[in-house]
Amino acid sequence: METAPLKDAHGRVVRYVRLSVTDRCNLRCMYCAHHMGLGFIPHDLILTYEEMLTVLDLLAARGVDKVRLTGGEPFVRKGFMGFVERIRERHPSMDIRITTNAVLLAPHAARLKALGVGGLNISFDTFNPETFRHISGSSLYEKARQGLEAALEHGVRVKLNAVAMRGVNDHELPEFLDFAQKHAVDVRFIEYMPLGGRGGWDEGRFWPADEVLATAQQYATLTPIEDYHGKGRTGPAKMFSIAGGKGRFGLITAVSCHFCADCNRLRVTSEGSFRTCLFSDSEVPFRDLLRSGPQGIKEMMRQLEVAVQAKPLGFQLLQQRDRQEAVIQRSMSSIGG
Ligand code: SAM
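We now turn to the structure provided with this report. A quick note: this is a predicted structure, and the numbers were derived from the prediction, not measured.

**Some details on the overall build of the protein**
So, point 1. If you tally the helices and strands in the protein, you get 11 helices and 12 strands.
So, point 2. Split into buried and exposed, the 337 residues of the protein put 56% on the buried side.
So, point 3. A separation of at least 24 residues holds for 73% of the contacts in the protein among residues at least 6 apart in sequence.
So, point 4. Working note: accessible area of the protein is about 14400 Å², and carbon and sulfur atoms make up 52% of it.

**Considering the pattern of salt bridges**
So, point 1. Scanning the entire structure with this criterion turns up 16 salt bridges.
So, point 2. The partner of R86 in a salt bridge is E50, with the nearest N and O atoms 3.0 Å apart. A residue pair is termed long-range when its members are at least 10 positions apart, and R86 in helix 2 (residues 80–90) and E50 in helix 1 (residues 49–61) qualify at 36 residues.
So, point 3. Residue class for R86 comes out partly exposed when judged on its relative accessible area of 30%.
So, point 4. Close ionic contact of R166 with E211 constitutes a salt bridge, the shortest N to O distance being 3.1 Å. One end of the pair, R166, is in the loop between strand 5 (158–164) and helix 6 (173–182); the other, E211, is in helix 7 (residues 209–219), with 45 residues separating them in the sequence.

**Examining the site of the ligand**
So, point 1. Around the ligand, 18 residues are found, and the nearest of them are G72, E73, T99, S123 and M193.
So, point 2. The backbone of Y31 places a nitrogen or oxygen atom 3.1 Å from a nitrogen atom of the ligand.
So, point 3. Protein chains shield 95% of the accessible area of the ligand, which is 550 Å² for the free molecule.
So, point 4. Sorting the residues of the shell around the ligand by element identifies strand 3 (95–100) and helix 11 (332–335) as the ones contributing at least two each.

**Side note on helix 5 (residues 141–153)**
Since one α-helical turn is 3.6 residues long, residues separated by three or four positions face the same way.
So, point 1. A rise of 1.5 Å per residue sets the reference length of helix 5, with its 13 residues, at 18 Å; its end C-alpha atoms lie 18 Å apart and thus fit the reference within 8%.
So, point 2. All of the buried residues in helix 5 are Y141, A144, G147, L148, A150 and A151.
So, point 3. The inward-facing, buried residues of helix 5 abut helix 3 (109–114), strand 4 (119–123), helix 4 (129–136), strand 5 and helix 6.
So, point 4. Within two residues after helix 5, G155 carries a phi angle of roughly 75°, on the positive side.

**Some remarks on the sheet that holds strand 7 (residues 222–225)**
So, point 1. Taken together, the 12 strands give an open sheet; going across it, the order is 7-8-9-6-5-4-3-2-1-10-11-12, and neighbouring strands pair in mixed fashion. Edge positions in the sheet fall to strand 7 and strand 12 (284–285), since each of these pairs with one other strand and no more.
So, point 2. On the sheet, helix 1 packs against strand 1 (16–20), strand 2 (66–70), strand 10 (265–268) and strand 11 (273–275) and is oriented at approximately 175° with respect to strand 1.

**Describing the environment of H108**
So, point 1. Checked against the element boundaries, H108 lands in the loop between strand 3 and helix 3.
So, point 2. Judged by relative accessible area, H108 falls into the partly exposed class, the value being 26%.
So, point 3. The sequence separation of H108 and F75 amounts to 33 residues, and the corresponding C-alpha distance is 9.5 Å.

**A few points about the state of the cysteines**
So, point 1. Tallied over the full model, the rule gives zero disulfides.
So, point 2. Lacking any disulfide linkage, C25 is separated from the closest cysteine sulfur, that of C29, by 6.3 Å.
So, point 3. With relative accessibility at 18%, the residue C25 sits in the buried group.

**Here's the deal with helix 6**
So, point 1. By the burial criterion, the buried members of helix 6 are L173, F176, L177, F179 and A180. The buried residues of helix 6 all sit within an arc of 155° when viewed along its axis, so they share a single face.

**Quick notes on the nonpolar core**
So, point 1. The biggest cluster of nonpolar side chains holds 101 residues, and the ones touching the most others in it are L69, F83, F189 and F249.
So, point 2. Of the residues forming this core, the biggest block, seven residues, is contributed by helix 1.
So, point 3. Not counting residues up to four positions away in its chain, the partners in contact with F249 are L173, L177, V187, F189, V212, A216, L222, K238, M239, F240 and I242.

**Topic: the packing of aromatic side chains**
So, point 1. Per the stated rule, a full pass over the model turns up 11 aromatic pairs.
So, point 2. Taken together, a centroid distance of 5.3 Å and an interplanar angle of 55° make the contact between F124 and F127 tilted.
So, point 3. On the accessibility criterion, F124 (2% relative accessible area) is buried.
So, point 4. Assessed through its relative accessible area of 11%, F127 is described here as buried.
So, point 5. Centre to centre, the rings of F176 and F189 are 5.0 Å apart; their planes meet at 80°, and the pair counts as edge-to-face. Taken together, the residues F176 in helix 6 and F189 in strand 6 (residues 186–191) connect sequence positions 13 residues apart.
So, point 6. On the basis of relative accessible area, F189 is assigned to the buried category, the value being 1%.
So, point 7. Feature note: the residues F124, F127, F132, Y141, F176, F179, F189, W207 and F249 constitute an aromatic cluster, connected by ring pairs.
So, point 8. One Lys or Arg, K66, reaches over the ring of Y16 and ends 4.4 Å from the middle of that ring.
So, point 9. Directly above the ring of Y49 sits R77, whose terminal nitrogen or CZ lies 4.2 Å from the centroid.

**Quick word on the packing of helix 1 against helix 2**
So, point 1. Where helix 1 meets helix 2, the axes come as close as 11 Å, and the angle between the chain directions of the two elements is 30°. As summarised for this structure, helix 1 and helix 2 are arranged roughly parallel, according to the angle between their axes. As helix 1 runs across helix 2, the sense of the crossing is right-handed. Residues Y49, E50, M52, L53, T54, L56 and D57 of helix 1 touch helix 2, and the partners they reach there are F80, F83, R86, I87 and R90.

Rules used throughout
- Residues numbered from 1 in each chain as written.
- Predicted model: local features only at pLDDT ≥ 70, side-chain atom pairs only at ≥ 80, totals over all residues.
- Heavy atoms only, no water.
- Helix = DSSP H or I, 4+ residues; strand = E, 2+ residues; numbered from the N terminus.
- Buried < 20%, exposed > 50% of the residue type's maximum accessible area, 1.4 Å probe, protein only.
- Contact = heavy atoms within 4.5 Å.
- Areas by Shrake-Rupley, 256 points an atom, 1.4 Å probe, with all protein chains shown as cover.
- Salt bridge = Lys/Arg side-chain N within 4 Å of Asp/Glu carboxyl O.
- Near = heavy atom within 4 Å.
- Polar contact = N/O pair within 3.5 Å; in protein donor to acceptor, adjacent residues only side chain to side chain.
- Expected span 1.5 Å × (residues − 1).
- Pairing = 2+ DSSP bridges.
- Axes fitted to C-alpha atoms, helices over the stretch in contact; angles between N-to-C directions.
- Disulfide = S-S within 2.5 Å.
- Arc of directions from axis to C-beta.
- Core = buried A, V, L, I, M, F, W, Y, C linked by side-chain atoms within 4.5 Å.
- Phe/Tyr/Trp six-rings, centres within 6.5 Å; stacked < 30°, edge-to-face > 60°.
- Lys NZ or Arg CZ within 6 Å of the ring centre and 35° of its normal.
- Parallel < 35°, antiparallel > 145°, perpendicular 65-115°, else oblique.
- Left-handed = near helix turned anticlockwise from the far one by under 90°.

Structure follows, in structure tokens:
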């Protein structure tokens, strides 16, 4: 098996894969373009767990040591916990993370802790059930809240992510800061990103990170944390400690301030495509190759190497965009957030 790291033309090495286990979701968030009536991918076109494990084996052999399981909503796919267990069996030292809306999380929190899942990114845009309904089209706020509480209770590391939206959840910033004061979690505001094609993006709701920060500073004393990810590790979040608080506050400046130079990510979509950059719609479909035996798999890996070599600097694509339009045609739920 080939073991050389997957390196691109800018010297970046792929070490982190975001694997979407399903495009289905139990919420219809306004920023995710589900409400645009996009159909779901038929089951037989979605990779089986067995196929996903094969892909992970191949990527791990090339130096990928971190996987984030995402979707759609990963917990809506049948057998998801069994899949997490199998990854842990095959890759004892793999850093396994999960991104979830927490609606179905509560019963699984203890098991995730026992499996050594390194952290959960919980998407949580509001503390108000009515606003939750407005954002997600769903009345499942209490379930999400229970999932969040269960994760905290069982000591799973939590990052709480809220999409920053002007006129939607901007007035709740003090509550988010209060939550970070009281709990040992990272509360992060993500800039609303232009995804989802025509109609799925509303520039008027964009609330830039510098404005979020200026507002947050009116409510709390924030001190920048320089080395958030530990020695030699970098990532997209700008983090701040909160005076007198247990947790931290942060901003993911996906739009206003790029972090492409450090990007070590590869996305694998649920229907079996590699995607080397969130902000580029260019994908390498590999499902048919994966399903056609050893020669196909060899060809799949060759195509991945070519795609990684050409991994773009996404901020250049963002800069070129027309600001009224989405830069990416697909929604986050279909790419794998
Ligand atoms: N269902 C899971 C969840 O809710 O966390 C995983 C998938 S969801 C698509 C992953 C993340 O993408 C969520 O944190 C969501 O808030 C974020 N997201 C989706 N569309 C976005 C957009 N247009 N701008 C910013 N964040 C977005």
